[in-house]
Amino acid sequence: MSKTEMAKKEVVKVLDAMTEVVKTTVKKEAVEIPGLVKIEKKHRAARMGRNPQTGEAVKIPAKTVVKARVLKKLKDSVL
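Draft legend 1. Highlighting the sheet that holds strand 2 (residues 37-44). The sheet built from three strands is open, its strands ordered 1-2-5 with antiparallel pairing. If you trace the sheet from one side to the other, it starts and ends with strand 1 (31-33) and strand 5 (63-70), each paired once. Going from strand to strand, the sheet's axes swing by 25° on average, the running direction of each strand aside. Here strand 2 runs beside strand 5; their pairing, made up of eight bridges, is antiparallel. Pairing of V37 across the sheet is with V70, part of strand 5.

The following block contains the structure:
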């Protein structure tokens, strides 16, 4: 890669290692990659929804999800 002066294989290794760190850390706390994204674990409460085909009310169970939010610095530079 010309900007990093690293071989593509080295960049892939770095990104794989970073992915593993994010995976293990986000289980405990939010992770922010400066200037890019904030990744956090959120709990969603149970709620009622509708089956779009039948209109029947359906209970949607509570669950934990991973949320990724683009940070202002990246958003401003792109938009």
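Draft legend 2. Expanded view of the nonpolar core. Judged by nonpolar contacts, V22, V26, V31, I33, V37 and I39 together constitute the single largest core of six residues. Within the residue set of this core, elements represented by two or more residues are helix 1 (8-26), strand 1 and strand 2. Those residues in contact with I39 that sit more than four places away from it in its chain are V22, V26, A30, V31, V66, K67 and A68.

Cut-offs used in this document
Residues numbered from 1 in each chain as written. Predicted model: local features only at pLDDT ≥ 70, side-chain atom pairs only at ≥ 80, totals over all residues. Heavy atoms only, no water. Pairing = 2+ DSSP bridges. Helix = DSSP H or I, 4+ residues; strand = E, 2+ residues; numbered from the N terminus. Axes fitted to C-alpha atoms, helices over the stretch in contact; angles between N-to-C directions. Core = buried A, V, L, I, M, F, W, Y, C linked by side-chain atoms within 4.5 Å. Buried < 20%, exposed > 50% of the residue type's maximum accessible area, 1.4 Å probe, protein only. Contact = heavy atoms within 4.5 Å.

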